[in-house]
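Residue-level structural notes
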Amino acid sequence: MATVAPTAPRQRRAPGRVRGAAAGVAAWLAGIVFVLPVLWMVLTSLHSEADAATNPPSVAASLTLDGYREFFGLTGGASPWPSLINSMTASLVSTLLTLLLALPAAYALSIRPVKKWTDVLFFFLSTKMLPLVAALLPIYLFAKNTGMLDNIWTLVILYTAMNLPIAVWMMQSFLSEVPVAIIEAAQIDGARLPTVLGRVVAPIALPGIAATALICFIFSWNELMFARVLTGVVAETAPVFLTTFITSQGLFLAKVCAASLVISLPVLAAGFAAQDKLVQGLSLGAVK
């Protein structure tokens, strides 16, 4: 006698589909909320100063590139290129130095753990608990007495020291997922520590290294307080150059939006180019 298959499993799938659809809608709404300020900044940068300052804002106003012309100095103002080059130099060099120092440290704390490695890791993280403003005066006095004020290499050293704790902490979790058997096999074949780190560990942990590099680059590029105090004309960075557009007289909203968009483009481009590595790296080790 034929039997009829139960329909209960189909009924159980329905709530799961509803929850999945609701989660998808919530994700899209959250994405729209986060991207709306960026879109508004783009629209404002394309308006004249008079239209950008209207209240309520004039959405349908005519578009113009005057804000971008003023930012790039085409109307007689200062050129932003020296500041952009300084920011790129400080961010890239400090990120590279941070990775070179963090990789061996993370290796010692994960694959070949030292004694009380958790205490060591906590010490690294505890250095990030100090408010930046508390270290501002000592660093300023040190830079002044050593003749390192308004020097781009001062920012390189400072950004490397600031990003190193978070880089070690992130890469330690990434490197802990590297199979020890592969490293032992390389060592049996005669590979020394630099070869193991460069040819065995780094390729396996590449997503984590890319995520760490991107975060260090973003932190260095966006840093303002130390760059504002320790630089003047020669080593001025892009965020410091952006603050010069804010004055107590006249309209500046469209020009500031144009400058903010241009200065944000390197970070946005780096994040878009490395988005797959970033997601893969940040989720590495989350699921066994």
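Everything numeric in this text was worked out from a predicted model, so none of it was measured.

Conventions we followed
Residues numbered from 1 in each chain as written. Predicted model: local features only at pLDDT ≥ 70, side-chain atom pairs only at ≥ 80, totals over all residues. Heavy atoms only, no water. Helix = DSSP H or I, 4+ residues; strand = E, 2+ residues; numbered from the N terminus. Buried < 20%, exposed > 50% of the residue type's maximum accessible area, 1.4 Å probe, protein only. Contact = heavy atoms within 4.5 Å. Areas by Shrake-Rupley, 256 points an atom, 1.4 Å probe, with all protein chains shown as cover. Core = buried A, V, L, I, M, F, W, Y, C linked by side-chain atoms within 4.5 Å. Expected span 1.5 Å × (residues − 1). Polar contact = N/O pair within 3.5 Å; in protein donor to acceptor, adjacent residues only side chain to side chain. 1 Å grid on protein atoms, 1.4 Å probe; cavity = no way out; pocket = protein on both sides within 12 Å on 5 of 7 lines; lining within 4 Å. Points joined across faces, edges and corners; volume = space filled by probe spheres on them. Nonpolar A, V, L, I, M, F, W, Y, C, P; charged D, E, K, R; others polar.

1. Details of the overall build of the chain
Within the chain, the regular secondary structure consists of 14 helices and zero strands. Overall, the chain shows an N-to-C arrangement of helices and strands of α-α-α-α-α-α-α-α-α-α-α-α-α-α. When burial is assessed residue by residue, the chain has 35% of its 288 residues classed as buried. Contacts in the chain between residues at least 24 apart in sequence constitute 76% of all its contacts with a sequence separation of at least 6. Only carbon and sulfur atoms are counted for the fraction: they give 70% of the accessible area of the chain, which is about 17,200 Å².

2. Focus on the nonpolar core
Residues Tyr-107, Met-171, Leu-175, Ile-183 and Val-201 are the most contacted members of the largest nonpolar core, which totals 29 residues. Counting residues per element, this core draws most heavily on helix α7 (residues 152–175), which supplies eight residues. Apart from the residues lying within four places of it in its own chain, the contact partners of Leu-175 are Leu-103, Ala-106, Tyr-107, Ser-110, Ile-111, Val-201 and Ala-205. Counting residues in hydrophobic clusters, the runner-up holds 18 residues, among them Phe-71, Leu-261, Val-262 and Ile-263.

3. Quick notes on helix α9 (residues 193–204)
Here α9 contains twelve residues, and its C-alpha end-to-end distance of 15 Å stays within 8% of the 16 Å for a straight helix at 1.5 Å per residue. Taken together, the buried residues of α9 touch α4 (81–110), α7, α8 (180–188) and α10 (206–222).

4. Thoughts on the side chain of Asn-86
Tracing the backbone shows Asn-86 in helix α4. In this structure the side chain of Asn-86 is engaged in a polar contact, spanning 3.0 Å, whose partner is the backbone oxygen of Val-234. Apart from residues lying up to four places away in sequence, Asn-86 is in contact with Ile-152, Val-234, Ala-235, Glu-236 and Thr-237.

5. Comments concerning the side chain of Thr-44
Structurally, the position occupied by Thr-44 is in helix α1 (residues 8–45). In contact with Thr-44, not counting residues within four places along its chain, are Ala-52, Leu-253, Ala-254 and Cys-257.

6. Here we look at the layout of surface pockets
Here the largest pocket is characterised by a volume of approximately 360 Å³. Lining the largest pocket are 19 residues, and of these Thr-127, Lys-128, Leu-132, Ala-161 and Met-162 sit closest to its centre. Where the lining of the largest pocket is concerned, the elements lending two or more residues are α5 (117–126), α6 (132–145), α7 and α10. It is α7 that provides the largest number of residues to the lining of the largest pocket, a total of six residues. For the lining of the largest pocket, the residue count by class is 14 nonpolar, three polar and two charged. Size it by volume and the second largest pocket reaches roughly 150 Å³.

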